[in-house]
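# Remarks on the overall topology
The chain contents come next:
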Amino acid sequence: MNAVVTRNVETVPINYEKIEHTLAQSRRCDASQVREILTKALALKGLEPEEMAVLMNLSDPGLLNELFATARRVKEEIYGKRLVLFAPLYISNLCGNECLYCAFRAGNKALRRRALTQAEIARETELIIRQGHKRILLVAGEAYPAEEGFDYILKAIATIYDTKVGPGEVRRVNANVAPLTLDQFRQLKAAGIGTYQLFQETYHREVYSRVHVAGRKRDYDWRISAFDRAMEAGIDDVGMGVLFGLADWRFEILALMQHIRHLEEKFGVGPHTISVPRIEPALGAPLAGRPPQSVSDIDFLKIVAILRISVPYTGIIMSTRESPAIRRETFALGVSQISAGSRTNPGGYEEGEGEATEQFALGDHRPLDEVVRDVAELGYIPSFCTACYRLGRTGQDFMDLAKPGEIKHHCDPNALSTFQEYLCDYASGPTRQAGEARIQAAMGEMDPRGRQIAEKLVTKVRIGGRDVFV
Ligand code: SAM
Ligand code: SF4
């Protein structure tokens, strides 16, 4: 493979030789070096790639447990017990690309194509709101209805924000759509986007060209430079990700770190979130049934734990691609945001799951109410908070607040007030019971300042206030 990538079009340089060297060097480390790295991680300042590589090699059960225990402590220190919930909204499965792992790929004749109308998007939004969600991740294939073009996405965002159901509304729309031009990113920002999310899929150029065989997505550089354009357009809240199963996960994580450093050096801010999707079976996408470098469950847990301690202030997102059991394990190791009650087929909230139109098979089919109850019973606080985004606490402002631990005095009370809203407006009897008990327990665990703020907010909600936050 080429060492440093240099091409005429703008790109993000990923230094492959350096990654390979780091991975080779790390194999010679012993237990005392591992423990030194884990001790360093507890200072919450992150890790260097060389240190991450050492942890990637761990297989000794005792040392692995020490890694997981460290990740738990870091997660607890920064995120406490909070888990933020969201729902994806697939508005269209039209696509001009040939990503061999995806059911939406252009050549898949088994897929029924569909782009929701604005009325259908409003209806799907209504059903998501009725579940109790406040955050939506808009998702679409890389082709827009011909007569509308990119405006289709902008209109969809407006439709989602405009849809209200009683006291229910969507307070933050994030989007996972194909890389945009600078001007389109400006329009996306003006439409009120929260996070712009995009997965590089694989940072390995050769693998990338093998699995993206037609369409605009074949251009690796156009994709890897998307966050640069987003940030130039003023979107300082971006979500990165790798689709695990395409290339060696150790390589992917170190390349992802180089991408993060690139953004930090150029724009002074890294990603707000990292997603860790593993390839799931998908109709008409044979590669999805036999991923070239599939990631085992234990390696998957290692990925979450290593990311948690390496970029401690970056959120980690876990989707419903994974089973409830794996999801539960990753909550403790570092996940801070989860989707729930999801559908990956356009129109799926109205019509139910549908293999003929969906992107991939889900691993967790439970409705939001059941996930919320489970999460609460496990000792976490389900949060529907959107305060930072709405107060403009994004990018560097968010990091300034997050890093000294100050964010806790905002996040914990806001998590509890939005959880209380959910319990009052949407929860079933058993979930409400479990949730009220969880709120009481959480208040008992807070420091006096946090408790005072939280009690004020929760009481406001109980007597009818909505959308209260600090
Ligand atoms: N079409 C846009 C793109 O490709 O960037 C955005 C939406 S695409 C539907 C969202 C993500 O789904 C992709 O980036 C890919 O990582 C993921 N994906 C595709 N096929 C998958 C599969 N079989 N299992 C799990 N995730 C998959
Ligand atoms: Fe299209 Fe995205 Fe699926 Fe690729 S991953 S086929 S671009 S929807």
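Keep in mind that this is a model prediction, so the values were computed, not measured. Position numbers for residues count from 1 along each chain, tracking the sequence in the order it is written. Chain labels run from A onward and ligand labels from 1 onward, assigned in the order the entries are written. Note on the predicted model: pLDDT of at least 70 is required for a residue's local features to be given, and 80 or more for side-chain atom pairs to be given and counted; whole-chain, interface and lining totals, by contrast, use all residues. The basis for every side-chain value is the complete set of non-hydrogen atoms in the structure, without hydrogens or water.

Reported domain spans reflect what an automatic or database domain assignment gives. Under the domain assignment used here, the chain contains domain 1 (77-383) and domain 2 (393-462). A separation of 26 Å is found between the C-alpha centroids of domain 1 and domain 2. It only takes one pair of heavy atoms within 4.5 Å for two residues to be counted as in contact. Domain 1 puts 29 residues into the contact, and the matching count from domain 2 is 25 residues. What counts as buried area is the accessible surface, traced by a 1.4 Å probe, that two parts surrender upon association, with contributions from both included. With both sides pooled, the region where domain 1 packs onto domain 2 buries about 2300 Å², and carbon together with sulfur makes up 57% of that total. Broken down residue by residue, the surface that domain 1 buries against domain 2 is led by Arg82, Tyr313 and Ile381, which jointly contribute 27%. The working definition used for a salt bridge is a side-chain nitrogen of Lys or Arg within 4 Å of a carboxyl oxygen of Asp or Glu. Applying the counting rule to domain 1 against domain 2 returns two salt bridges. The shortest N-O distance in the salt bridge between Asp412 and Arg82 comes to 2.6 Å. Whenever a nitrogen or oxygen atom comes within 3.5 Å of another N or O atom, the pair is scored as a polar contact, on the condition that within protein one atom can donate a hydrogen and the other can accept it, and that pairs from neighbouring residues in sequence are kept only if both atoms are in side chains. At the surface where domain 1 touches domain 2, the tally comes to eight residue pairs in polar contact (both at pLDDT 80 or more). By the criteria applied, helices consist of DSSP H or I runs no shorter than four residues and strands consist of E runs no shorter than two, each listed in order from the N terminus. For the side of domain 1 that touches domain 2, the secondary structure elements donating two or more residues are α5 (118-131), α16 (368-377) and β11 (381-383).

Once that is clear, we can look at the site of ligand 2. Residues in contact with ligand 2, as listed here, are Cys95, Asn97, Cys99, Cys102, Phe104, Arg105, Gly141 and Lys217. Think of a 1 Å grid over the protein atoms and nothing else: a 1.4 Å probe that fits but is trapped marks a cavity, an open set flanked by protein within 12 Å on at least five of seven lines marks a pocket, and residues with an atom within 4 Å of a point count as lining. For this analysis, a molecule is said to be in a pocket or cavity if more than half of its atoms are within 2 Å of the grid points defining it. The pocket occupied by ligand 2, as judged from atoms lying within 2 Å of grid points, is the largest cavity. Partitioned by chemical class, the residues of the shell around ligand 2 number four nonpolar, two polar and two charged. Here a residue is near a molecule or strand as soon as one of its heavy atoms is found within 4 Å of it. Following the grouping adopted for this structure description, the nonpolar residues are Ala, Val, Leu, Ile, Met, Phe, Trp, Tyr, Cys and Pro, the charged ones are Asp, Glu, Lys and Arg, and the polar ones are all others, Gly among them.

Here we take up the site of ligand 1. As a matter of local geometry, ligand 1 sits amid 22 residues, with Glu201, Lys217, Arg223, Glu280 and Gln359 nearest to it. A distance of 3.0 Å is found between an oxygen atom of ligand 1 and a side-chain nitrogen or oxygen belonging to Gln359. Residue exposure ignores everything except the shown protein chains as possible cover, and the areas themselves are Shrake-Rupley values with a 1.4 Å probe. Taken by itself ligand 1 offers 570 Å² of open surface, and the protein chains cover 97% of this. A molecule is said to occupy a pocket when more than half its atoms come within 2 Å of that pocket's grid points, and by this definition ligand 1 occupies the largest cavity. A class-by-class count of the residues in the shell around ligand 1 yields 12 nonpolar, three polar and seven charged.

To find leftover empty space, one rolls a probe the size of a water molecule over the atoms. Grid points are joined across faces, edges and corners, and a volume is the space filled by probe spheres set on the points. All told, the structure shown has seven cavities of 30 Å³ or more when counted by the stated rule. In this structure, the largest cavity encloses a volume near 720 Å³. Lining the largest cavity are 43 residues, and of these Tyr90, Asn176, Phe199, Arg321 and Gln359 lie nearest its centre. For the lining of the largest cavity, the secondary-structure elements that each account for two or more residues are β1 (82-92), β2 (135-140) and β9 (315-318). Here the residues of the lining of the largest cavity are counted per class, giving 23 nonpolar, 11 polar and nine charged.

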